[in-house]
Amino acid sequence: MILLKLTLRSLWNRRTSLLLTLLSISISIMLLLGVDYIRKEAKSSFFSTISGTDLVVGARSGPVQLLLYSVFRIGDATNNISWQSYQDIISNPLVAWSIPLSLGDSHKGYRVLGTNQDYFRYYRYGDKQLLAFAEGKPFEGVFDAVLGSEVARKLGYKLGDNIILAHGTGSASFAEHADKPFHVVGILKPTGTPIDRTVHVSLEAIEAIHIDWVNGAPIPGYHINADDALRKDLHPKLITAFLVGLKTRAAAFRVQRTINEYPREPLLATLPGIALANLWQAIGMFETVLRIITGFVVVAGLLGMLTVLLSTLNERRREMAILRAVGAHPRQIFLLFVLEALVLVVFGCLLGMGLLYTALFSARPWVVAEYGFYLHTWIPDASNLLLLAVVAGLALLFSLIPGAIAYRRSLQDGLTVRV
Amino acid sequence: MMDVIRLQELHYRWPGQTRDTLAIRELQVRQGEHLFIRGASGSGKTTLLNLLAGILVPASGKLTLLGKDLHGMGSSVRDRFRADHMGVIFQQFNLLPYLSVQENVQLPCHFSALRKQRAGDMQASTGRLLDHLGLDAGLRSRPVTELSVGQQQRVAVARALIGNPELIIADEPTSALDSDTRDGFLDLLFQEAEAQGSTIVFVSHDPHIASHFPQTVDLREVNGLPPHPSPTPRGRGNTP
């Protein structure tokens with residue numbers, strides 16, 4: 001007890017020089033926990049992009065690529081699926097619902113997704129949540145568009161605004177469907193998923209804007225304006241991918257095999273959970289790297305502490321002799337240094353946690369506004385506490401060095417005050 | 001009457017040295033007596049003090065303190081023994097700068113249950129000691145670093161005396177004081193030690209102080225036992 005009191009008083013006596021050490025420890029703790037927090041948030045956000053869907057189906061490629069273009073709006077499909085095959089497959093009695101997806105156009109860098117009303121009825125993300133509208137309603141007419149929250153916010157669109165879609169998916173597409181403007185009828189609430197960065201239109205709209213196009217370019221001398229296009233046959237002929245919900249999850253593998261063996265077209269069906277896990281594993285390298293880096297930051301912080309402890313050894317020789325004189329055993333001198341490191345690291349952890357909490361709290365409004373991503377309140381969990389315990393253990397390990405030196409010296413010096 | 005200190009045929013040699021640093025045939029201090037050990041730096045007085053305090057153990061010979069043979073004790077037991085039965089006053093820098101005057105005085109009681117028990121009401125006995133040593137309440141509330149050297153040494157005396165240890169070891173406690181302060185300090189030390197029956201072992205190179213003591217030992221005279229009649233003094237710094 002007296003040792004702890006002596007440690008605290010001695011630390012307090014040297015507070016100015018120790019403040020920087022404490023700060024460097026707490027910043028490294030903040031980074032350590034912060035990276036862990038971001039990793040978990042990113043992972044949960046990643047895995048909550050799609051939920052409740054049993055199969056994702058597209059032209060035959062790899063499951064990760066399929067997931068990337070159909071769910072994450074990254075990259076492009078290698079091939080399309082005929083409307084007939086789509087209808088054929090979803091006629092399977094095990095299929096409860098399906099959502100067709102038609103991709104390939106964009107608006108100012110945001111992907112355009114052609115789909116139907118079922119998208120708003122069945123698509124689920126996060127904890128099996130349905131999409132919700134901030135304003136307006138789903139599209140009804142051919143030239144109606146529903147915007148993801150980020151699209152509306154970043155580009156400043158309101159209900160009733162007209163927008164022009166561009167052919168292709170580059171941000172600098174020069175081939176625009178300028179003759180067929182869309183008007184905004186709905187804006188979705190933020191989801192924290194790629195849906196926020198998507199412009200949703202009907203499958204018929206995709207047909208209509210491409211009615212006078214062939215092979216990805218307008219047909220020269222052939223032009224059909226928007227009104228005329230509405231009178232044409234706008235039934236979709238091709239889609240890029242579709243999502244399937246089954247009546248029973250247990251049927252997923254059976255239906256998957258049926259689709260993969262579909263004789264008329266080479267198709268690929270994948271279970272989104274498995275593909276997500278594969279994809280996360282592929283991009284998960286970054287988290288390992290990040291963890292290693294923060295690990296080194298923590299070690300650097302603790303090395304700073306070790307340096308301070310070692311540098312005070314000499315000036316504290318007198319202190320040790322006094323303590324020896326009043327009856328302290330060298331073991332207790334050793335303990336003083338271990339306690340000192342422990343107190344420093346405990347305060348460093350507390351301060352680091354406080355810093356992280358404050359940082360997340362103050363960044364929250366900005367992150368929501370900028371990324372449509374809600375930062376959950378950080379509550380330290382068991383893995384965080386384990387991490388902190390490891391840090392404390394490391395600090396104790398480090399403190400053994402000055403402790404051992406002080407132990408040996410106090411044996412040698414005895415009551416002799418060497419200055 | 002019991003011997004507080006009894007040395008017989010005591011030899012000590014630092015590790016790695018070929019000659020004994022200390023070789024004392026006999027030295028005896030009875031309870032209530034005080035001993036002045038005169039020795040210049042390098043004469044082995046530091047070694048002797050460390051032996052008396054139980055920090056070092058003699059290579060051979062007998063070292064008995066308060067009837068207990070220190071040789072047979074483990075280091076933890078010796079540390080406990082020192083905490084229980086000895087008060088130590090250094091040359092200077094006796095106090096922990098981060099503790100208050102009172103906390104510095106009470107420090108031994110935290111390492112020795114016996115002294116805590118003997119001190120009784122710790123606040124009261126601290127106050128009484130400080131009163132006797134002329135450290136008034138105004139001084140007690142100040143940080144110890146703001147006290148003069150003389151005041152610091154008096155706080156050190158209070159610390160050495162608290163809880164009535166049988167033996168007070170003073171290692172040149174007056175060398176940092178001027179002669180007036182020194183005499184006052186010595187008077188106070190004797191007065192308080194005698195009031196509670198403690199034996200003082202006082203080490204100094206200053207012959208003036210010897211006159212205060214009934215028993216004086218010159219370390220150079222007692223130190224020197226065959227086969228090493230005149231051991232080379234080991235020490236840092238200047239030779240006598």
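Check the entry above for the structure.
Numbering of residues begins from 1 in every chain and follows the order in which that chain's sequence is written. The naming scheme follows written order: chains are lettered A onward, ligands numbered 1 onward. Restriction of local features to residues with pLDDT of at least 70 applies here, the model being predicted, together with a cutoff of 80 or more for giving and counting side-chain atom pairs; totals for whole chains, interfaces and linings are based on all residues.

J.: Quick question: what am I supposed to make of the overall build of chain B here?
T.: Helical segments are the DSSP runs of H or I of at least four residues, strand segments are the runs of E of at least two, and each set is numbered from the N terminus. A count of helical and extended segments in chain B gives ten helices and nine strands. A compact globule built from 240 residues would reach a C-alpha radius of gyration of about 18 Å, and chain B, at 18 Å, matches this within 12%. By principal-axis analysis of the C-alpha atoms, chain B measures approximately 55 × 35 × 35 Å. Sorting the 240 residues of chain B into buried and exposed places 44% on the buried side. Within chain B, contacts between residues at least 6 apart in sequence are counted, and of these 76% link residues at least 24 apart. Taken over C-alpha atoms, the radius of gyration is set against a globule rule of 2.2 Å times the number of residues to the power 0.38. Residues with at least 20 other C-beta atoms within 10 Å of their own are called buried, those with 12 or fewer are called exposed, and the rest are partly exposed. The C-beta atoms themselves are positioned from the backbone. Placing C-beta atoms from the backbone, we regard two residues as in contact once those atoms come within 7 Å.

J.: Would you explain helix H1 (residues 45–52) of chain B in this entry?
T.: Since one α-helical turn is 3.6 residues long, residues separated by three or four positions face the same way. Residues and elements named next belong to chain B. For H1, the tally of buried residues reaches eight of eight residues, placing the bulk of the element in the interior. Considered for burial, the residues of H1 that qualify are Lys45, Thr46, Thr47, Leu48, Leu49, Asn50, Leu51 and Leu52. Positive backbone phi, approximately 80 degrees, marks Gly54, located one or two places after H1.

J.: Hey, could you run me through the packing of helix H3 (residues 63–70) of chain A against helix H10 (residues 272–283) of chain A in this one?
T.: Each pair of packed helices gets described by two things: the angle between the helix axes and the distance between those axes. All names here are of chain A. Between H3 and H10, the shortest axis-to-axis distance is 9 Å and the interhelical angle comes to 95 degrees. Of the possible angle classes, the one that applies to H3 and H10 is roughly perpendicular. Seen from H3, the contacting residues are Pro63, Val64 and Leu67; seen from H10, they are Pro272, Ala275, Leu276, Asn278, Leu279 and Ala282. Three classes are used: nonpolar for Ala, Val, Leu, Ile, Met, Phe, Trp, Tyr, Cys and Pro, charged for Asp, Glu, Lys and Arg, and polar for all others, with Gly counted as polar. By residue class, the composition of the contact of H3 with H10 is eight nonpolar, one polar and no charged. Only the contacting stretch of a helix is used when fitting its axis, a line to C-alpha atoms as for every element, and angles between N-to-C directions run 0 to 180 degrees. When describing relative orientation, an angle under 35 degrees is termed roughly parallel and one over 145 degrees roughly antiparallel, while 65 to 115 degrees is termed roughly perpendicular and anything else oblique.

J.: What exactly am I supposed to notice about unusual backbone geometry here?
T.: In this model, A:Lys128 sits at a positive phi of 55 degrees, which is unusual for a non-glycine residue. Turning to its location among the elements, A:Lys128 is positioned in the loop between strand S5 (124–125) and strand S6 (129–130). Here B:Glu172, not a glycine, exhibits a phi torsion of approximately 45 degrees, which is positive. Relative to the elements of secondary structure, B:Glu172 occurs in the loop between strand S7 (167–171) and helix H8 (179–195). A tally of 19 C-beta atoms within 10 Å means that B:Glu172 is categorised as partly exposed.

J.: So what exactly am I meant to see when it comes to the interface of chain B and chain A here?
T.: Often, the extent of an interface is quoted as the loss of accessible area on bringing the components together. Contacts between the two partners involve 24 residues from chain B and, on the opposite side, 18 residues from chain A. The dominant element in the side of chain B that touches chain A, judged by the number of residues it contributes, is helix H2 (residues 75–85) of chain B, at five residues.

J.: Looking at this structure, how should I read the sheet that holds strand S3 (residues 35–38) of chain B?
T.: Sheet strands associate in pairs through backbone hydrogen bonding, adopting either a parallel or an antiparallel arrangement. All names here are of chain B. Strand order in the open sheet made by the five strands is S6-S7-S8-S3-S9, with parallel pairing throughout. A strand with exactly one partner marks an edge of an open sheet, and here the two such strands are strand S6 (86–89) and strand S9 (215–218). Each adjacent strand pair in this sheet contributes to an overall mean axis angle of 15 degrees, direction not counted. Of the strand pairs in this sheet, S3 and strand S8 (residues 199–204) are connected by four bridges, and their pairing is parallel. Across the sheet, the residue bridging to Arg38 is Ser204, located in S8. Seen against the sheet, helix H7 (residues 149–161) touches S6 and S7 and runs at an angle of roughly 165 degrees to S6. For two strands to pair, DSSP has to find at least two bridges joining them.

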